[in-house]
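Report on the structure
The residues making up each chain are set out below.
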Amino acid sequence: MAAAKGSGSSEVALFLDMLMAERGAAAHTIDAYTLDLSEFLAFLASKGASAATATADHLRAFLVALSRKGLAPSSRARKLSAIRQFFRFLLAEGLRADDPSSAVDSPKLGRPLPKILSLAEVETLLATAAQGAEIAADGAPRLRALRLNALLETVYATGMRVSELLGLPRKVLSTDDRVLTIKGKGGRERLVPLNDAARAALAAHLAARDGEGKRSSPWLFPSLDGREHLTRQRFGQELKALATAAGIEPARVSPHVLRHAFASHLLERGADLRTVQQLLGHADISTTQIYTHVIEERLRRLVEQHHPLAQAHLIKRR
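Everything in this summary refers to the structure shown in the same document.

Calculation criteria
What you see as residue numbers is a count from 1 along each chain, following the sequence as written. Note on the predicted model: pLDDT of at least 70 is required for a residue's local features to be given, and 80 or more for side-chain atom pairs to be given and counted; whole-chain, interface and lining totals, by contrast, use all residues. Only hydrogens and water are set aside; all other atoms, that is, all heavy atoms of the structure, feed into the side-chain values. In this description a helix means any DSSP run of H or I spanning at least four residues, a strand means any run of E spanning at least two, and both kinds are numbered starting from the N terminus. Contacts are assigned to residue pairs that have any heavy atoms within 4.5 Å of one another. Only the protein chains shown count as cover for residues, and all accessible areas are computed by the Shrake-Rupley method using a 1.4 Å probe. All axes are obtained by fitting lines to C-alpha atoms, using only the stretch in contact for helices, and the reported angles, taken between N-to-C directions, cover 0 to 180 degrees. Geometric relationships in this document are graded by angle, where less than 35 degrees denotes roughly parallel, more than 145 denotes roughly antiparallel, 65 to 115 denotes roughly perpendicular, and other angles denote oblique. Each crossing gets its handedness from the near helix: less than a right angle anticlockwise from the far helix is left-handed, clockwise is right-handed. Residue classes follow a fixed rule: Ala, Val, Leu, Ile, Met, Phe, Trp, Tyr, Cys and Pro count as nonpolar, while Asp, Glu, Lys and Arg count as charged, and any other residue, Gly among them, counts as polar. Whether two aromatic rings pair depends on their centres lying within 6.5 Å, for rings of Phe, Tyr and Trp, where Trp uses its six-membered ring; planes under 30 degrees apart make the pair stacked, over 60 edge-to-face, and the rest tilted. Each residue is assigned to one of three classes by its accessible area relative to the maximum for its type, calculated with a 1.4 Å probe on protein chains only: buried under 20%, partly exposed between the two thresholds, exposed over 50%. Expected span of a helix: the number of residues minus one, times 1.5 Å. The arc in question is formed by the directions pointing from the helix axis toward the C-beta atoms. Here, the term nonpolar core denotes a set of buried Ala, Val, Leu, Ile, Met, Phe, Trp, Tyr and Cys residues that are joined through side-chain atoms within 4.5 Å.

If you tally the helices and strands in the protein chain, you get 14 helices and two strands. Long-range pairs, those at least 24 residues apart, make up 59% of the contacts in the protein chain with a sequence separation of at least 6. On the protein chain, roughly 17,200 Å² of surface is accessible, and the fraction owed to carbon and sulfur atoms is 54%.

So this is what it looks like as structure tokens:
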């Protein structure tokens, strides 16, 4: 391992020794710190500064330079994290009287937009599942096809997490099959309505299972032998196979993607964020705000369609 060169290299060497001795840092971690800190020290040297004289403005300028090179926010944040730890070490060891990194904000990473399917793609999946249930051979193939159809209709109708969906007890339908009581994270309960298509698919799934004389099971979506509920791995496999049959790239389809589709399609059609938060079982509205891009697009279309000045502008362009 080569120590960082230039002004500040001795401080970096001490810092790296501490990482290895006190934190047991792995070799690849030390190499990553060495590269990041060497790059930072070289930048400081180009500005006539060093680790001992660097200011918060130097750090900000370094981050700007990284951004101009096209470095992703996550990579810039990782480099800044290494620099922060370095300056905290210098402060703790009495090699600096302050920590300039404490006044520097981390790059905003943003939150990746959820993967979703279009309404047409979801309709194709649902239609393919329903057709599969109709043409499946009697016995186990038909039971699997009906179960998959019921699973698909239910997850898209409710937006449930896959763990909530597969863990549903059969008795959840005993009080009122129009509404499901779901126990989510932290034991919090919420009510989610079932549409007619989901109710019909569930009824067909349960009737077929009872008609086959299968072992009584406490689960709404049991394995074929009824001993356990269907596993998420098996559900995922069946969903991928269904996507292939529907002509959709399997990598784009998962139970979580269907949950996202449920939320996005509701918002596209005018549902408010608070309602979607409650249906998804999010404890904090900030979690649901990953869907705000859907609301923004809907509002943009509304303005274009109904605002008189927007209409006038569109007429002029014709």
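Having put the structure on the table, let's press on.
What follows concerns the packing of helix H1 (residues 9-23) against helix H2 (residues 27-46). Orientation of H1 relative to H2, taken along the N-to-C sense of each, is 160°, at an axis distance of 11 Å. Classified by the angle their axes make, H1 and H2 are roughly antiparallel. In this structure, the crossing between H1 and H2 has a hand that is right-handed. Only Ile 30, Tyr 33, Thr 34, Leu 37 and Leu 41 of H2 make contact with H1, whose side of the interface consists of Ser 9, Val 12, Phe 15, Leu 16, Leu 19 and Met 20. When grouped by side-chain class, the residues that make up the contact of H1 with H2 number nine nonpolar, two polar and no charged.

On inspection of all chains with the given rule, the structure shows seven aromatic pairs. On the basis of an interplanar angle of 75° and a centroid distance of 5.8 Å, the ring pair of Phe 15 and Tyr 33 is categorised as edge-to-face. Remark: Tyr 33 occurs in helix H2 and Phe 15 occurs in helix H1; sequence separation between them is 18 residues. When its relative accessible area of 0% is taken as the criterion, Phe 15 is described as buried. Seen from their ring centres, Phe 15 and Phe 89 are 5.6 Å apart, and the 55° between their planes marks the pair as tilted. With Phe 15 in helix H1 and Phe 89 in helix H4 (residues 73-92), this pair connects stretches of sequence that are 74 residues apart. In terms of burial, Phe 15 and Phe 89 fall into one category: buried.

Compared with the 21 Å implied by 1.5 Å per residue over 15 residues, the 20 Å span of H1 between its first and last C-alpha is a close match. Listed in full, the buried residues belonging to H1 are Val 12, Phe 15, Leu 16, Met 18 and Leu 19. The buried side chains of H1 occupy one side of the element, clustering within an arc of 155° when seen end-on. Residues of H1 that are exposed and angled more than 90 degrees away from the buried face: Ala 21 and Glu 22.

With that settled, consider the environment of Ser 101. In this structure, Ser 101 sits in the loop between H4 and helix H5 (119-135). Of the residues examined, Ser 101 reaches a relative accessible area of 1% and is grouped as buried. Residues Ser 101 and Phe 86, spaced 15 residues apart in sequence, show a C-alpha to C-alpha distance of 9.4 Å.

Moving on to the nonpolar core. In terms of nonpolar packing, the biggest core is built from 50 residues, with Leu 125 and Phe 235 touching the most fellow members. Among the secondary structure elements, those contributing two or more residues to this core are H5, helix H6 (140-158), helix H7 (162-166), strand E1 (179-183), helix H8 (196-211), helix H9 (232-246), helix H10 (255-268) and helix H11 (273-280). No other element matches the seven residues that H6 contributes to this core. Ignoring sequence-local partners within four residues, the contact set of Phe 235 consists of Leu 148, Leu 151, Val 162, Leu 165, Leu 166, Leu 230 and Pro 255.

Locating Gly 167 in the fold gives a position in the loop between H7 and E1. Those residues within four positions of Gly 167 in sequence are excluded, and the remaining contacts are Trp 219 and His 229.

Two packed helices can be described by the angle between their axes and the distance between those axes. Where H6 contacts H10, the axes come no closer than 7 Å and their chain directions differ by 45°. One way to sum up the angle between H6 and H10 is to call them oblique. Crossing of H6 over H10 shows right-handed handedness. Contact residues: Leu 152, Val 155, Tyr 156, Ala 157 and Thr 158 in H6; Pro 255, Leu 258, Ala 261, Phe 262 and His 265 in H10. The residue inventory of the contact of H6 with H10, partitioned by class, reads eight nonpolar, two polar and no charged.

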